[in-house]
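# Analysis of the macromolecular model
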Amino acid sequence: MDDVPSVTEAGAGELLAELISHDSRNPPGREAACARFVADWLTRAGIDAELVREPYPDRPQVLATVGEGRSDVGHLVLNGHVDVVPPGDRERWSVDPFEGVVDDEAGRVYGRGASDMKSGVAAAMLAAREAAAAGVDGTLTLTFAIGEETAEPGTKALVEGLDADGGIVLEPTELEVHTAGKGLAWYVADVSGEAAHASRPHLGTNAVEGLLAVEGPLEEYRERIADRTHPLLGESLCTPTVVEGGTKENVLAAHVELRFDRRFLPSESLETLDEEMDALFDPLRDDGLAVAVERTRTYEAAAIPVDAPVAETVRRHADAVAGVPTAPAGKEAATDQRNLVNDAGIPAIIWGPGTPAQSHTVDEWARTDLLVDAVDVLSRTIRDCCTSPVDG
């Protein structure tokens, strides 16, 4: 591994553009080509990389390892996801969302997934190449997952059985360390009544009127859970987001569907959330409507101590490299941090070079200066975590 090229904005931007050019939108789950590119790139860099066919054989993931694996030296996990959300209306984009457009003058790379989170994947790849060239006594593990955007068990499958001292989930934070992340639960409430002609409403049961009756209990619930707070994540939230139903203006609605986005804290259990969401509709049931409430998607909340070693190490280097604020922080969006912390028992932070406000936007972009800084911070962190005896 002689003559490893230095990391420049031009070179880092080119790699990010290549990653973007592999259309890995999810849904429908097109990550395979991007995963193969990442594995091939790492292999050419002299890194032991493989495609993992779990949990879905047709959607491979990347698992790579650098280091001698000495048990008295640390083990660090870098985690990212290669899937991106669909671009939406492409007519609104000024660039092809899957071309990977480099604007050297602006210091940006444009395209779907630029900030969320292929810039984080690129930073990990470049830092791993540097680590492989310098040598690692302990272990550096790279996990590049599918399905993060749709709460699928990609990262969970990759980290199963890993015994590591720390992890970094490379979501966009502009190099600020986040030690906690909110959970996300989506709910759908199906409200069923009985259709009748609107001129004779007494012959039926109107699901729309029933739904209107839940406004009071919902507002009371939202006020109540707002008192549940976390010092880094703010308050607990419940937001109705989608309403569908009804047949025609002169027909009582026999069916209405209401969907919710429920953001919750590490202190809240899913069992409690399920019970609370179901109880919201008890007044409708008392009025003779049938209501079924289902949780359709879940990202668990997660948190580690703000002074966990991996958090302190990355904060120190991010401050030294880029003057990033070192105050404790948390991420309001849900991430795969949950899989490292809750499922594998690995203390993991959320940290990466992307710009949070660019996630899922039209003309999404990432800054190349932050990408280069991220490689520097990661390289320093790898040296601290994986090249010195744990007790040294």
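Quick note: structure is the one above.
Residues numbered from 1 in each chain as written. Predicted model: local features only at pLDDT ≥ 70, side-chain atom pairs only at ≥ 80, totals over all residues. Heavy atoms only, no water.

In this section: the sheet that holds strand β16 (residues 330–331). To summarise the sheet geometry, strands pair through backbone hydrogen bonds and adopt either a parallel or an antiparallel arrangement. Ordered by their spatial adjacency, 3 strands build an open sheet running β15-β8-β16, and the pairing between neighbours is mixed. Where the open sheet ends on each side, the last strands, each with one partner, are β15 (302–303) and β16. Of the strand pairs in this sheet, strand β8 (residues 180–181) and β15 are connected by 2 bridges, and their pairing is antiparallel. What sits directly across from Ala180, in β15, is Ala303. (Pairing = 2+ DSSP bridges. Helix = DSSP H or I, 4+ residues; strand = E, 2+ residues; numbered from the N terminus.)

Right, let's talk about the packing of aromatic side chains for a bit. Applying the stated criterion across every chain, the model contains 1 aromatic pair. Both rings, one in Phe260 and one in Phe281, keep their centres 6.2 Å apart while their planes meet at 75°; by these two values the pair is edge-to-face. Within this pair, whereas Phe260 is found in strand β13 (residues 255–264), its partner Phe281 is found in the loop between α7 (270–279) and α8 (282–286), the two being separated by 21 residues in sequence. Judged by relative accessible area, which is 3%, Phe260 ranks as buried. The buried category is assigned to Phe281, whose relative accessible area is 0%. Here the guanidinium or amino end of Arg108 rests over the ring plane of Trp365, the centre of that ring lying 3.7 Å away. (Phe/Tyr/Trp six-rings, centres within 6.5 Å; stacked < 30°, edge-to-face > 60°. Buried < 20%, exposed > 50% of the residue type's maximum accessible area, 1.4 Å probe, protein only. Lys NZ or Arg CZ within 6 Å of the ring centre and 35° of its normal.)

Relative orientation of the contacting elements helix α3 (residues 114–134) and helix α11 (residues 368–386) amounts to 45°, with a least axis distance of 8 Å. Relative to α11, the element α3 is oriented oblique. As α3 packs across α11, the resulting crossing turns out to be right-handed. Every residue of α11 that contacts α3 at Ser119, Ala122, Ala123, Ala124, Leu126, Ala127, Glu130 and Ala131 is listed here: Leu371, Ala374, Val375, Leu378, Ser379 and Ile382. Its residues assigned to classes, the contact of α3 with α11 comprises 11 nonpolar, 2 polar and 1 charged. (Axes fitted to C-alpha atoms, helices over the stretch in contact; angles between N-to-C directions. Parallel < 35°, antiparallel > 145°, perpendicular 65-115°, else oblique. Left-handed = near helix turned anticlockwise from the far one by under 90°. Contact = heavy atoms within 4.5 Å. Nonpolar A, V, L, I, M, F, W, Y, C, P; charged D, E, K, R; others polar.)

The next point concerns the pattern of salt bridges. Under the counting rule described, the total for this entry stands at 24 salt bridges. As a salt-bridge pair, Glu174 and Arg367 come within 4.0 Å of each other at their nearest N and O atoms. Placement of Glu174 in the loop between β7 (166–169) and β8 and of Arg367 in strand β18 (residues 365–367) is noted, with a sequence separation of 193 residues between them. A residue is classified by how much of its surface remains accessible, and Arg367, at 30% relative accessible area, is partly exposed. (Salt bridge = Lys/Arg side-chain N within 4 Å of Asp/Glu carboxyl O.)

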